[in-house]
Structure formats: C-alpha cells, structure tokens
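# Topology and contacts: notes
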Amino acid sequence: MTITFFKNRILPILAGTLLAILLSACVSASGNSNAFTFSDDAVTAAAAEGAGYTIDGTNLTINAAGTYTLSGSCAEGSVTVKKEVTGVTLVLDSLTLTSSTTAPILCNQSSSVTIEAQGESTLTNTEDASTEASSTSFEGAAIKVKSGASLNLTGNGILNVEGTCKNGVKGGAGASVTISDLTLTINAADNALSCDGSVAVDSGVLILTAGNDGLKSDPDVDDTESDGTVTINGGTVTITASGDGIQGASALTINDGAFTVTTGGGCQAVLEGDASAKGLKSGGMLTVNGGSFILDSVDDALHAVNVTLAAGTYTISSGDDGIHADEVLTLGVQDSENGPDITVAASYEGFEGAAIALYSGSGSIIASDDGINAANGDLDRSYGFSLDIHGGNWYVNAGGDALDSNGDINFYGGVTEFYGSANNGDSALDYDGSCAYQGGTFLAVGTTGMAQVPSTGTYVAFGSIGMGGGGMGGQRSQHTADGTQQPADDMEPPDGSQGGAAPAMNGQKPVPPKDGTDDSTTRGQRGDLGGGMMNGTVDADTSEFVIAEGNEIVIKDSSGDVLYSATGVKAANSVIFGAETLTEGETYTLYIDGEEAVAAIAKTGTGTEQGFAAGVGGQRPAGAAESTEAQSSAA
C-alpha cells in the first residue's frame, strides 16, 4: 500500500515540480533573448516587454545573459555589455553601427561575450584621437574588451571593423580574444587586433591592415595579469602593417594556417629610426609547428629570443635577418625526416642566432651579408656560439661569409652547399673556435684569401688558400643594438621563385646577391688578401682554377665516380668538400664544365689549429687550363 501511495500521489507531485522548474528556466532564458533594430533615431526591441536590457536613445545596454540579435543601421550608436555579465551572445545580422563617443561594442570588465556574425556587418569607431589623454570615456576601438573580459568572435558571416580613430579590436589587462569561422576584416589607424591578455585564432579568414601592428598581445611592463600570448591553430591570415605583423610578447605559437604578412612596406623599404616592423615576433618563444608563410618585411621576418620551426613552408624576403633568435634557433626535429621548407629569397643575413641547430627540413638562403651566422653582439663571447648541422638539406648564397660562427661549427649530418663572397674579404666557411666535421656532406665554394677548412675530420680542399687570422667574424657593420639597418638595393619581394642548387633541393640556381665588402673596423684583422685575387676579385692568371656563374662543378674519386655535383653561382677559386666517403691520403679531382681542373689529397684535421688551410690546395693537372668562359668571367 505504501508503494501504491508513492506512485499515485508523491511521484506526480515531484514530476510537476520538476516541470515547473524547467518551464521557469525556459521562460527566463527566452525573456533574456530579443531582437533589436538600430536606426539613426532609436533602437527598437522586437519584444518590448523583454528583460535583460535597457535602451537610451540609440545606445543599447545588456545587463543579463541571453542571445540578442542586432540589425539595422545607425550613424551614432553603441552596444554595451555591463560589468561582470556573462553568457551574452550578440548576433550581428547585417548591422552597420558607428560611434564617435565610445566603442560601437563595449564589453565591460569581467564580462563574457560572443559576437556571432551573420550576413555582413560593419562597426566603425570615429572618436577624436586627440582627446585620449583628456577624456574619461575615450575607448579608441571599434570593439573594446575591458580588463578581465573575454570575447569570442565567430559566425559564418563577415565582420568589418574600422578603427578610424585608433584600434580595431582592443583588449585590456587579463582580457582574451578568440576567433573562429568568420571572415574578419580590420582597418585601423594604430593596431588592428590587440589584446593584452591573450589572442587565439582557431579558424576563419582574417584580413588586417594597420598603421602600427597587425595582431598582437603585448601588455604593459607593469601588467601582472596578462599572459601576453598569441596562439594560432588555423585559418587564413593576411596582414599589411606599418609595424610588426604578429607579436606575442611572451610567446607566439602557430600550429597551422596560411599567412601572408607584409610589414614596414616590405624588404625594399627603409626602416625608420628604432621602429620595429618584424613579420612574426616574440619577446620570448616563437614556435611554429605547421602552416604556410609568405613574409615580406623591412625588418627581421621572424624574430624572438628563442625560435623553433618544427615544420611549415616559408617564403621570406627581409631587409634584415630572414630568421633571427637572440639566443637559440632550432630548425626541424631531431631524428626526423620531416621539417620546415624555408626559402629566404632576400635578406641581409639569412639565419642568425647565438646557438643554431639544424635538424631536418630544407632551406635555401640568399643573403647580401652572411648566410647563416652564429653570433649576437649583445652577448658575451663566453656564451658558446655554435652552428650545429645534424640533418636536412641547406643551400646558401651569401654576399659575405656563407657559414659564420663566433664560436664553433659542427657538421654531423645532412647536405649543406654554401657559397661565400666573390671577393677576398669573406669566405664560405668562417669560424673563430673550432670546426668539427663528423658526418653528412658539405660543399664550400668561395675565394682563397679567407678560406678555412675543418679543424677536425676528413676533407679535401681545392685551391691554394691564402693568409688568414682570427677575428670577430659575423659582427654586423652599421647596425644598431636592435638590429635595424639599411636594406640592400638588390632585395626583391617574394615572387614565387625558388633558390637552391644543392642536389637534394630543387636544383634552381638563385640570382646571386650583390657582393659585400669587408669592414675591418667591425670584423677585426683577418690577414692580407691571399693568392688568386686581384683588386678583391678572382684573378684567373694567378688562380689554380676559376669557377664562373653557371659552370658545372663535379668532384670525383680516383675511380672516376661522382661524389658531388653542383652549379656555380659566382666567381670562385676555392672549393672545400666533406663527405663520409672520403679517405685520408686519397686523391680526388675537381672538374669544371667537364674539364679536369685540379686534383687534391684528402686531409684529416688534427684539431690543433683553427683551420686556415694555406698550402693544402691541389695541383692543376698537367695540360689542364681554365675554360675561356671562366677566364672571361673572372676578368
């Protein structure tokens, strides 16, 4: 009887109570949802009796959670989400909203707002920038996200943001902005999209044009609430910025996406004073795990304290460094066959970092000065500068030193083909510490005067090598502490062309950069010009051989087997070759355009000297002579 009483009397009461609670919740939710139409005179609510909002003329204030659909057009109006109100969704249904007194959309402190774009909407901020210091209500953005607030920009529509006054989207201390799915176009007088706390892009199309920086998280130095991070997981991002393209003050992480970034007018422009116009930038860690990048910057294309590029495809044109790390630069993944594919089409220096490790992937570099440079003038020389090549395929065509280290260079694996300057002030291989050849394959083509060979490991050197002496290799000339400089006249923006002549690469011969001249005031004394040079250029009459642009370069062993082949890119009279198949004491022969040019005996470095190689060059075979083309080119 007790069970029957429960089923017949108590259970219906409980069910009715639960239904009432659910209905109440639904009524409350629907009561905080509404549709509003903006005009130049008023904001009209579809449900006048609805809750969760107030209207004052053409200004709408949201004070409770809910979904609010906004449409219409208003020349002077705004939407404000009150402080600490969360769970708000603003559906922009072809809304055009402009404000000259505040942000068209304002998310107050600690609020949580989702903006969902439907159709095409435009938000414009036309405040007077000159009133920023004097006005207590100045916002300076089309969408303002106050401290501690969060904003999610999403939808399947288009959102145009016009930051005519200052910024497009601006987030304060501890705030966050997340973007997905929508097409977001921002034009801003200052920063296009800036949030001190963090920025995350998951998907969508972003087209950002900025008078200063494109996309960034860069909190003030006294801001203890903000992470200062930018994370991009996908999407298509196009940025044209006078300042930096993408910046994460403490960390910038890119996992995927397609990026076209132009900063400071591109690599042919002139960087003004101490301005910063870098493509991808971080004051801490810059990590890229995938994506495609076309970067054209008057400043460094990629710049951070530490840079790791595990994957991705890059076409880079830079008025300064292609890739710069103040401390550690890591390219590729250890013990992996996959890695980044990097083309530096124009640069002052291609790769630069205090410690550089190349693990996997491929790279083709054109540089007007050094190609790969292990250096940092702001660090003490006891830092332990190093260039370590573990794997991958790397090609360098440099107007200065091709590979340069203020400390050590170590070959452990991979294929590295590099060409130094065609004058005697720089060399293909330049190091101040030691150079250990332990594995892989390398071909160093340059001039005799400053040429160095490995200090340990077996190699063969073709060409009598002149005088040399240690020095401060790799120090910049006419550079400020932050690395700004005047761009080379011959730099070109990305045009889809691909450099590289290494066998494992695409085989395209790059256009050689303008040859630089040595600046002894910053590089130190490196000794007099060596043999085979006349007035700083290759002299065919005194060189054992001359390689000209376009010449076929082939190295064979004593059995006539081809060990390596390449194509010359400029005048040269020194070739140094390292391969695991070399045997100390064996004779190897250099061929130029099919003609036997010179033979040399493989030597193993003892590690007791820095590696200048006077006297180790080979002898021109009897009857061998330079080709008419080589002599003509060298004259």
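Residues numbered from 1 in each chain as written. Predicted model: local features only at pLDDT ≥ 70, side-chain atom pairs only at ≥ 80, totals over all residues. Heavy atoms only, no water.

## Observations concerning the nonpolar core
One broad trend across soluble globular proteins is that nonpolar side chains are buried collectively. Rules: To define a nonpolar core, start from buried Ala, Val, Leu, Ile, Met, Phe, Trp, Tyr and Cys residues and group those joined through side-chain atoms within 4.5 Å. Buried residues are those whose accessible area, probed at 1.4 Å on protein chains only, stays under 20% of the maximum for their type, while exposed residues exceed 50% and partly exposed ones sit between those limits. Segments assigned H or I by DSSP are reported as helices when at least four residues long, segments assigned E as strands when at least two residues long, and all are numbered from the N terminus.
By size, the foremost hydrophobic cluster in this structure holds 107 residues, and its most contacted members are Leu 90 and Phe 351. Examining the composition of this core, we find that five residues originate from one element, strand E7 (residues 88-99), more than from any other. Ranked by size, the runner-up nonpolar core spans 26 residues in total, among them Val 445, Ile 547, Val 575 and Leu 582.

## Observations regarding unusual backbone geometry
Residue Asp 181 is not a glycine yet carries a positive backbone phi of 75 degrees. Inspection of the secondary structure puts Asp 181 in the loop between strand E15 (176-179) and strand E16 (183-188). The phi dihedral of Asp 593 is positive, around 50 degrees, even though this residue is not glycine. Here Asp 593 shows up in the loop between strand E50 (587-592) and strand E51 (595-601). The exposure class assigned to Asp 593 is partly exposed, which follows from its relative accessible area of 32%.

## Remarks on the packing of aromatic side chains
Keep this limit in mind: In summary, the pairing rule links any two rings of Phe, Tyr or Trp, Trp by its six-membered ring, whose centres are within 6.5 Å, and it sorts them by plane angle into stacked for under 30 degrees, edge-to-face for over 60 and tilted for everything else. Definition used: whenever NZ (Lys) or CZ (Arg) falls within 6 Å of the ring centre and also within 35 degrees of the ring normal, the charge is taken to sit over that ring.
If you walk through the whole model with that rule in mind, you get twelve aromatic pairs. Ring centres 4.8 Å apart and planes at 5 degrees place the aromatic pair Phe 259 and Phe 293 in the stacked group. Residue Phe 259 is found in strand E25 (residues 258-263), and its partner Phe 293 is found in strand E28 (residues 292-297); the two are separated by 34 residues along the sequence. Classification of Phe 293 by relative accessible area gives buried; the value is 2%. Ring-pair connections join several aromatic residues into one group, and the members of that group are Phe 411, Phe 418, Tyr 437 and Phe 442. Taking the ring centre of Tyr 591 as reference, the NZ or CZ of Lys 556 above it sits at 4.5 Å.

## As for the pattern of salt bridges
The cut-off we apply is this: The rule for a salt bridge is simple: a side-chain nitrogen of Lys or Arg has to be within 4 Å of a carboxyl oxygen of Asp or Glu.
Across all of its chains, the model carries seven salt bridges by this definition. Lys 166 is the partner of Glu 132 in a salt bridge, and the nearest nitrogen-oxygen pair spans 2.8 Å. Of this pair, Glu 132 sits in the loop between strand E10 (120-125) and strand E11 (141-145) while Lys 166 sits in the loop between strand E13 (158-163) and strand E14 (167-171), placing them 34 residues apart in sequence. For the salt bridge of Lys 216 with Asp 213, the shortest nitrogen-to-oxygen distance reads 3.0 Å. Pair check on accessibility: Lys 216 and Asp 213 agree, each one buried. Taken together, the shared-partner salt bridges in this structure form one network comprising Glu 139, Lys 144 and Lys 146.

## Considerations on the sheet that holds E50
We count it as follows: Any two strands with at least two DSSP-identified bridges between them are counted as paired. In this description, a line fitted to the C-alpha atoms serves as the axis of each element, helices being fitted only across the stretch in contact, and the angle between N-to-C directions of two axes falls anywhere from 0 to 180 degrees.
Spatial strand order, E48-E47-E50-E51: four strands in an open sheet with antiparallel pairing. Across the chains shown, the open sheet's two edge strands, defined by having one partner strand only, are strand E48 (562-567) and E51. Direction aside, neighbouring strands of the sheet carry axes that sit 20 degrees apart on average.

Read these as spatial facts, not as claims about activity.
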